[in-house]
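Each chain is listed here by its residues.
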Amino acid sequence: MFKVDSQLDRQAVSAISMLAADMVEKANSGHPGMPMGAAAMAHVLWSRFLRHNPADPSWPNRDRFVLSAGHGSALLYALLHLHGYDLSLDELKNFRQWESKTPGHPEYGQTPGVECTTGPLGMGLSMGVGMALAERFLAGQFNRPGHAVVDHHVYAIVSDGDLMEGVASEAASLAGTLGLGKLVYLYDDNHISIEGGTDLAFTEDAMARFAAYGWHVQRVADGADLEAIAQAIQAAKDETGRPSIIAVRTHIGLGSPKQDQASAHGEPLGPEAMAVTRQKLGWSAEPFAVSDQARAYLGQSKAAGQALQAQWQEAFRAFAQAQPDLAAQFEAQIAGRLPLGFGGEVPTLGPADGKMATRAASGKVLNALAKRVPNLVGGSADLAPSTKTIIAGSGDMRPGQPPAGRNIHFGVREHGMAAIVNGMALHGGVIPYGATFFVFSDFCRPALRLAALQGCKSIFVFTHDSIGVGEDGPTHQPVEHLMSLRVMPGLRLIRPADYGETVGAWACALQGEGPTVIVLTRQGLPILDPALGAAEGVARGAYVVGNCDDEPRLILIGTGSELHLCLAAQKELAQRGVAARVVSMPSWDIFAAQEKAYRDHVLPPTVRARLAVEMGATLGWERWVGDGGAVIGLDRFGASAPGGVLQAKFGFTVENVVAKALELLN
């Protein structure tokens, strides 16, 4: 993008390095070493290769840049500021402070130009794989001969810590398997970790590992050799059949008295070391100063980026003339708009259709929706036949197959799967989902947390939701998982009780903002009468399913399969002259967001006798049952036996629900 000028390049590298160090010094907090060591390769990437428009950070065909080593955030903020993004010098001076646009680790949605929230190591690397997957899918969906409307790369800077994390190994292995040739990573190979040299804990040949994954591997011996770095990046771009990683031998804290020392990693250099560094780099003594020449040189990005986007827009206009329907669909998908009548293929089922596990219901709904929602795409962690998450009639995402195949085989890589799903969602244009057994949501949890933190539209389908799993035993029976995910801010969790509620769960996931977790049964369940309005009830989080003619003396609250226990117990109580209301509460968070009048309508404050029934931890239910209520739950691990036997042994029977209800009333 830039006309190369070696003298100005050196000034630019020094400007990036010293701005980063100044940010950390002023905040008296942060990580100066990585930005200083990686400034040269970051500059080469941003000035010569990265196709981006600082005036429009959301341009659909931009290259994506991920700073997976998120602790080096000052590097990214210096780059964004100098290249003309809406990030002022005052914001750089406000690094790591309250309500600044320069938080301690990059945060999606808070800083223009930040593509994803990084900090937990390995996550950025993995989300980048998801972005590359989304690019491949959209290119296959829309590109036509002579019209390449989707054609961009995903770049990242990754660290030793990233490569040590298991999630990175999972994602890198899949990227190699899928041959994601638009993926180019720069490895900041500085040989230093927080505790000292990386040889304390990381002596493997990591690049040999990536070669074994199927990556194109290169090494640059000198991290300050701009031309060698540029040649390696170009070679990586030319390798279209494999993802690429370039190990660049850098020096943490380059140019400072703390160079190559662990102390440069996570603390300010200090005034004396800063003074020595400025002198060594021939830089102004004034903090946050940038020479006019360096600022003008890097400021070329704005005009260059606007020109690139203008060229793409002209190409898109030609595409729209040749393929008007496809162009309209592309614009709708990028904008996140759902097709009108997207649920039109979803059949209505009722009690006469017999029992159906909600995982089977979900599979039926997913395939019906896929007919109308062409960018619904995803897969499972090697469990698709069990989680029912295969889109029938669609190809797979793998080399040699139709590029727009919608089924992703993530392999036994739950953590990587969830992170990749987040990356796809952040890329935009697709609605991704990932599936596994609910107990294995433990492996996904850090990625679920980042989905919630970023507010990205990821869908997670978790089946085999309770001790109803049966013979597989406690290792496969989730107990504490519902509660542990309910406390996560920004995560929508829905546990439907039947087919109709499963329809509602998917509708909420597609129409809502942010991530959704749908929790489903292995065992078959009765289908409720459609007249009860299950789908509409899910949209409000809780609703009255089994009312009674008289004023209720008791409210029974159930989720998932346990709702049917409550309905059966209601009938038994009625025979004993006890009027009970049954409430289905598939989603605590959606219900809690409803207006007080609706919440009081569903759970009248005057009815203090409330009994919740759920095959999971009881902690937290006091919020809904109050002082006068009780919970039938499970505060221990399960066991290996048929599911029906376990439910009886642990008290999930009509008889026990009735007994507990009468005990409450007495």
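Scroll up for the structure.
Quick caveat, the model's predicted, so the values are computed rather than measured.

Asker: Looking at this structure, how should I read the pairing of strand 3 (residues 183-189)?
Answerer: Successive residues of a regular strand alternate their side chains across the two faces of the sheet. Of all 7 residues in strand 3, 7 are buried; the element is thus mostly enclosed. Covered by surrounding structure in strand 3 are Leu183, Tyr185, Tyr187 and Asp189 together with Val184, Leu186 and Asp188, the residues of both alternating faces. Relative to strand 3, strand 2 (residues 154-159) runs parallel, the two sharing 6 bridges. Its bridge partner being in strand 3, serine 159 is matched across the sheet by aspartate 188. With 6 bridges joining them, strand 3 and strand 7 (residues 244-249) adopt parallel strand pairing.

Asker: Which parts of the structure should I look at to understand the environment of glycine 473?
Answerer: By secondary structure assignment, the location of glycine 473 is in the loop between strand 12 (459-463) and helix 18 (481-486). Residue classification places glycine 473 among the buried residues on the basis of a relative accessible area of 1%. Separated by 245 residues in the primary sequence, glycine 473 and alanine 228 place their C-alpha atoms 56 Å from one another. For glycine 473, the residues in contact, after removing those within four places along its chain, are Ala639 and Ser640.

Asker: I'm lost on the layout of surface pockets in this one. Help?
Answerer: Taking a probe equal in size to a water molecule and rolling it over the atoms shows the remaining empty space. Of the voids in this model, the largest pocket is the one considered here, and its volume is about 700 Å³. Residue lining of the largest pocket: 35 residues in total, with Tyr108, Ile334, Ala425, Leu426 and Gly428 positioned closest to the centre. Looking at the lining of the largest pocket element by element, the count peaks at 4 residues for helix 13 (residues 324-335). Within the lining of the largest pocket, the residues separate by chemical class into 16 nonpolar, 14 polar and 5 charged. A domain-level breakdown of the lining of the largest pocket finds at least three residues from each of domain 1 (6-307) and domain 2 (351-530).

Asker: What exactly am I supposed to notice about the packing of aromatic side chains here?
Answerer: The description of an aromatic ring pair uses the distance of the two centres, along with the angle that the planes make with each other. Enumeration over the complete set of coordinates arrives at 21 aromatic pairs. Measuring from centroid to centroid gives 5.9 Å for phenylalanine 440 and phenylalanine 443, while their planes differ by 15°, and the two rings are stacked. Of the aromatic side chains, those joined through ring pairs into one cluster are Trp59, Phe142, Trp312, Phe316, Phe319 and Phe330. The ring of tyrosine 598 carries arginine 540 above its face, with NZ or CZ at 3.8 Å from the centroid.

Criteria and thresholds
Residue numbers run consecutively from 1 along every chain, following the written order of its sequence. Reporting of local features is limited, given that this is a predicted model, to residues whose pLDDT is at least 70; pairs of side-chain atoms are given and counted only at 80 or more, and all residues count toward the totals for whole chains, interfaces and linings. Side-chain calculation: all heavy atoms of the structure are included, whereas hydrogens and water are not. When a residue's accessible area, from a 1.4 Å probe over protein chains only, is under 20% of the maximum for its type it is buried; when over 50% it is exposed; and in between it is partly exposed. Think of it this way: any DSSP run of H or I at least four residues long counts as a helix, any run of E at least two long counts as a strand, and we number them from the N terminus. The rule for pairing is simple: two strands pair if DSSP sees at least two bridges between them. Note on contacts: a residue pair qualifies if any of its non-hydrogen atoms lie within 4.5 Å across the two residues. A pocket, in this scheme, is an open set of points on a 1 Å grid over the protein atoms alone with protein on both sides within 12 Å along at least 5 of 7 lines, while a cavity is a set where a 1.4 Å probe fits but cannot get out; residues line either one if an atom lies within 4 Å of a point. Grid points are joined across faces, edges and corners, and a volume is the space filled by probe spheres set on the points. Any residue that is not Ala, Val, Leu, Ile, Met, Phe, Trp, Tyr, Cys, Pro, Asp, Glu, Lys or Arg is counted as polar, Gly included; the first ten are nonpolar and the last four charged. Segmentation of the chain into domains, including their bounds, is taken from an automatic or database domain assignment. Each Phe, Tyr or Trp ring (for Trp, its six-membered ring) is paired with any other whose centre lies within 6.5 Å, and the angle between the two planes then decides the class: stacked below 30 degrees, edge-to-face above 60, tilted in between. Think of it as a cone above the ring: NZ of Lys or CZ of Arg counts as a charge over the ring if it is within 6 Å of the ring centre and within 35 degrees of the ring normal.

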